[in-house]
Amino acid sequence: MRQAHSSPAHDRSSSRLRGLSPMAMEREKPVIFLIRPSTLTSVSGEGWHGGLVSDRCHRPKPLGNSEPASGALPMGEEGAEYGGLPDSADTGAGASPSPSIRKLSIIPLIFLIFYEVSGGPFGIEDTVGAAGPLLAIAGFLLLPVIWSVPEALITAELGTMFPENGGFVVWVASALGPYWGFQQGWVKWLSGVIDNALYPVLFLDYLKSAVPALGGGAPRALAVVGLTALLTLLNYRGLTVVGWVAICLGVFSLIPFLVMGLVSIPKLRPARWLAVDLHDVDWNLYLNTLFWNLNYWDSISTLSGEVENPSKTLPKALFYAVILVVVAYLYPLLAGTGALPLEDKAQWTDGYFADVARLLGGAWLMWWVQAASALSNMGMFVAEMSSDSYQLLGMAERGMLPAFFARRSRRHGTPLVGILFSASGVLLLSAMSFQEIVAAENFLYCFGMILEFLAFVLLRVRRPDAPRPYRVPLGTAGCVAMLLPPTALIVVVLALSTLKVALVSLGAVAIGLVLQPALRFVEKKRWLRFSVNPDLPDIDVTRQQPAAPNEPFVA
């Protein structure tokens, strides 16, 4: 705990120890540093010799400045300086991308968020099959207000407060400590990988009507492996490539639905939108499908360190992405349910929009929708994998994972190890069915969101004056009130989960509870190297002593 006044000797000792992990702090033995003189400026840890210590002996920069911000800052204005990654082409742990690598601007970021959350109306058909047109339309009108907007607002505030690749992991670690930060990272990464396993399934479901061999067996398995390898290579090429590919895919994927809506106008019968049978509603499938199609707004936070001027760009991109996602769902849903009679709602399952296009416009429109689905799933895959892999990089830069997770490609600046880990998880989980994938990822995602909501409120209470380039325009009580409906939705989604999904998901959560202490044991034994990036600011908010008069405030 830092005192208001201390001796110079104490200050020097404290400066060295603040970068250490809790496990390293417990060691009381003297430590000998053997440093190669030519590498004294290295931050990647590759200049350290002797293997006597991990690379945690760097002091993170304090978050904020000597004059805490008061009140809300206008959207887009700069807050306190946030320590970025060092300018180095080194690919060691903690190295940053080369200065020549371009960062994300607002347009690619909007489409990356679009693909993180939606990717288009592919997969929303089950809401009609589960509950009928009225509840499906009502769900995509109400749930964005209850869930998407609050999650996007939280992401805008905390993502600009902590603009680094750890994203929501850093939010929770700053409020609840590194143990719960790791748990947040574990369940969110796992739910993201499960989510990514869904896109090859959706891709093949849309194509199997044209290519029946892709319905199962060896051809389907080979198609999943080949598609995963191709899209993993695209992620390896860099975020700028992924961002502009997302723009092209997004435009191509949405145009056929625009055409389908125009073709449906003469056939629209508004009374068809009101069809509902409350005695024949599969609430579990209905809510899980809605929830899956309207969450993951916070996933973009793990790319905050790769965004150009995140304090301005991130809030604006989230605002435009919310509008784009809601319109992309409601427009084709209104066209399809209003132009076609609901003879058998069981037909409305994933992939049915291709049939709707055929009935309304002919085979040419069906083929267009199928092609759009294929490309949209590619966009969702690369966007999700980007977030998952950069999250692992961000956790490694905070010392939560071994240092090799922070290694970047020399040529493209991408987290190669994180990409490979995420791709492996996708292949292992791709054999699950659509409904199983959606239910499992929603269950895990709910655990992460509970921690995220709690961290948001605690940071408002403990750090009310911390610099926030964007601030949700509500007081603490208003923020709590804003989070009550989404918290209630989380409870409902968890309560409606099947026993199988609940047991599997709880088992996955239990693995994370054990994995974090196991990694700390590995660190203590020096079996793997762990490193903290020295240019990242201090996120510890557990100390409540006031800062010394001339020191920056670190709660």
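What counts and what doesn't
- Residues numbered from 1 in each chain as written.
- Predicted model: local features only at pLDDT ≥ 70, side-chain atom pairs only at ≥ 80, totals over all residues.
- Heavy atoms only, no water.
- Helix = DSSP H or I, 4+ residues; strand = E, 2+ residues; numbered from the N terminus.
- Buried < 20%, exposed > 50% of the residue type's maximum accessible area, 1.4 Å probe, protein only.
- Contact = heavy atoms within 4.5 Å.
- Areas by Shrake-Rupley, 256 points an atom, 1.4 Å probe, with all protein chains shown as cover.
- Salt bridge = Lys/Arg side-chain N within 4 Å of Asp/Glu carboxyl O.
- pLDDT = per-residue confidence, 0-100.
- Axes fitted to C-alpha atoms, helices over the stretch in contact; angles between N-to-C directions.
- Parallel < 35°, antiparallel > 145°, perpendicular 65-115°, else oblique.
- Nonpolar A, V, L, I, M, F, W, Y, C, P; charged D, E, K, R; others polar.
- Phe/Tyr/Trp six-rings, centres within 6.5 Å; stacked < 30°, edge-to-face > 60°.
- Lys NZ or Arg CZ within 6 Å of the ring centre and 35° of its normal.
- Core = buried A, V, L, I, M, F, W, Y, C linked by side-chain atoms within 4.5 Å.
- Patch = residues over 30% accessible without salt bridge, like charges linked within 9 Å, V, L, I, M, F, W, Y side chains within 5 Å.
- Expected span 1.5 Å × (residues − 1).
- Left-handed = near helix turned anticlockwise from the far one by under 90°.

### Points about the overall build of the protein
Alright, step 1. Assigned secondary structure in the protein consists of 17 helices and four strands.
Alright, step 2. Residue burial in the protein is summarised as follows: out of 555 residues, 56% are buried.
Alright, step 3. Counting only contacts in the protein whose residues sit at least 6 apart along the sequence, the fraction spanning at least 24 positions is 84%.
Alright, step 4. If you sum the accessible surface of the protein, you get close to 22,300 Å²; carbon and sulfur atoms cover 67% of it.

### Looking at the pattern of salt bridges
Alright, step 1. Taken as a whole and assessed by the stated rule, the structure comprises nine salt bridges.
Alright, step 2. Measuring nitrogen to oxygen at the nearest pair gives 3.0 Å for the salt bridge that ties E452 to K188. Of this pair, E452 sits in helix α15 (residues 434–462) while K188 sits in helix α7 (residues 178–207), and the two are 264 residues apart along the sequence. Taken individually, E452 and K188 each receive the classification buried, so the pair is uniform in this respect.
Alright, step 3. The partner of K345 in a salt bridge is D280, with the nearest N and O atoms 3.5 Å apart. Pair noted here: K345 is in the loop between α11 (310–339) and α12 (352–361) and D280 is in the loop between α9 (239–264) and α10 (283–293), with a separation of 65 residues, a long-range link.
Alright, step 4. Through salt bridges with shared partners, a single network forms among E157, R460 and R468.

### With respect to the confidence of the model for the protein
Alright, step 1. Scored by pLDDT, the protein comes out at a mean of 80, with 77% of its residues at no less than 70.
Alright, step 2. A low-confidence stretch, residues 1–99 (pLDDT under 50), is modelled with 194 contacts involving residues beyond four sequence positions or located in other chains.
Alright, step 3. Contacts from residues 541–555, a stretch scored under 50 in pLDDT, to residues over four places away or in other chains number 36 contacts.

### Examining the packing of helix α3 (residues 106–117) against helix α13 (residues 363–397)
Alright, step 1. Contact pair α3 / α13: the axes reach a minimum separation of 8 Å and the direction vectors enclose 100°. One element, α3, and the other, α13, form an angle in the roughly perpendicular class. Contacts from L112, Y115 and E116 in α3 reach S376, G379, M380, A383, E384 and S387 in α13.
Alright, step 2. Here the residues of the contact of α3 with α13 are counted per class, giving four nonpolar, three polar and two charged.

### Here's the deal with the packing of aromatic side chains
Alright, step 1. A complete count under the given rule lists 21 aromatic pairs for this structure.
Alright, step 2. By way of ring pairs, the aromatic residues F122, F257, W348, Y352 and F353 are connected into one cluster.
Alright, step 3. In this arrangement the basic side chain of K188 is found over the ring face of F168, its NZ or CZ atom lying 4.3 Å from the centre.
Alright, step 4. In this structure, R520 packs its charged tip against the face of F530, placed 5.0 Å from the ring centre.

### So, the environment of D195
Alright, step 1. Note on placement: D195 falls in helix α7.
Alright, step 2. Between the alpha carbons of D195 and E384 there is a distance of 8.0 Å; along the sequence they are 189 residues apart.
Alright, step 3. Those residues in contact with D195, other than ones at most four positions away along the chain, are W292, Y296, E384 and E441.

### Thoughts on the nonpolar core
Alright, step 1. Core analysis: the biggest nonpolar cluster contains 135 residues, and I113 and W147 have the highest contact counts within it.
Alright, step 2. Among the elements that line this core, the one with the most residues is α13, at 14 residues.
Alright, step 3. If we ignore the near neighbours within four places in the chain, the residues touching I113 are W297, I300, A317, L318 and A321.

### Some points on α12
Alright, step 1. Looking only at α12, the buried set comprises Y352, F353, A354, V356, A357 and L360.
Alright, step 2. Positive backbone phi, at 110°, marks G362, one or two positions downstream of α12.

### Thoughts on unusual backbone geometry
Alright, step 1. Look at Y296: it is not a glycine, yet its phi comes out positive at around 75°.
Alright, step 2. Within the element layout of this structure, Y296 appears in the loop between α10 and α11.

### Focus: a nonpolar patch on the surface
Alright, step 1. Judged by side-chain polarity, L258, L262, I265, F319, Y320, I323, V327 and Y331 come together as a nonpolar surface patch covering roughly 780 Å² of accessible area.
Alright, step 2. Counting residues per element, the ones that place at least two in the nonpolar patch are α9 and α11.
Alright, step 3. Ranked by residue count, the leading element in the nonpolar patch is α11, at five residues.
Alright, step 4. Looking at where I265 falls in the secondary structure, it is placed in the loop between α9 and α10.

### Considerations on the environment of Y286
Alright, step 1. With respect to the helices and strands, the residue Y286 is situated in helix α10.
Alright, step 2. Apart from residues lying up to four places away in sequence, Y286 is in contact with T127, A130, A131, L135, A136 and G139.

### Considering α11
Alright, step 1. The first and last C-alpha atoms of α11 sit 43 Å apart over 30 residues, in line with the 44 Å expected at 1.5 Å per residue.
Alright, step 2. Where burial is concerned, most of α11 is hidden: 21 out of the 30 residues are buried.

### Concerning the side chain of T313
Alright, step 1. Residue placement: T313 occurs in helix α11.
Alright, step 2. Overall, the relative accessible area of 10% leaves T313 in the buried class.
Alright, step 3. Those residues in contact with T313 that sit more than four places away from it in its chain are S105, I106, L109, V307 and E308.

### What about the packing of helix α8 (residues 217–236) against α13?
Alright, step 1. Relative orientation of the contacting elements α8 and α13 amounts to 55°, with a least axis distance of 10 Å. Put simply, α8 runs oblique to α13. Both α8 and α13 take part in a crossing whose hand is right-handed. Judged by residue contacts, L227, T228, L231, T232, L234 and N235 of α8 engage M378, F381, V382, M385 and S386 from α13.
Alright, step 2. Among the residues making up the contact of α8 with α13, the classes are represented as seven nonpolar, four polar and no charged.

### Re the environment of A317
Alright, step 1. Of note, A317 is situated in helix α11.
Alright, step 2. Here A317 falls in the buried class, since its relative accessible area comes to 0%.
Alright, step 3. Note: C-alpha distance between A317 and P108 (209 residues apart in sequence) is 9.1 Å.
Alright, step 4. The residues touching A317, leaving out its near neighbours within four places in the chain, are I106, L109, I110 and I113.

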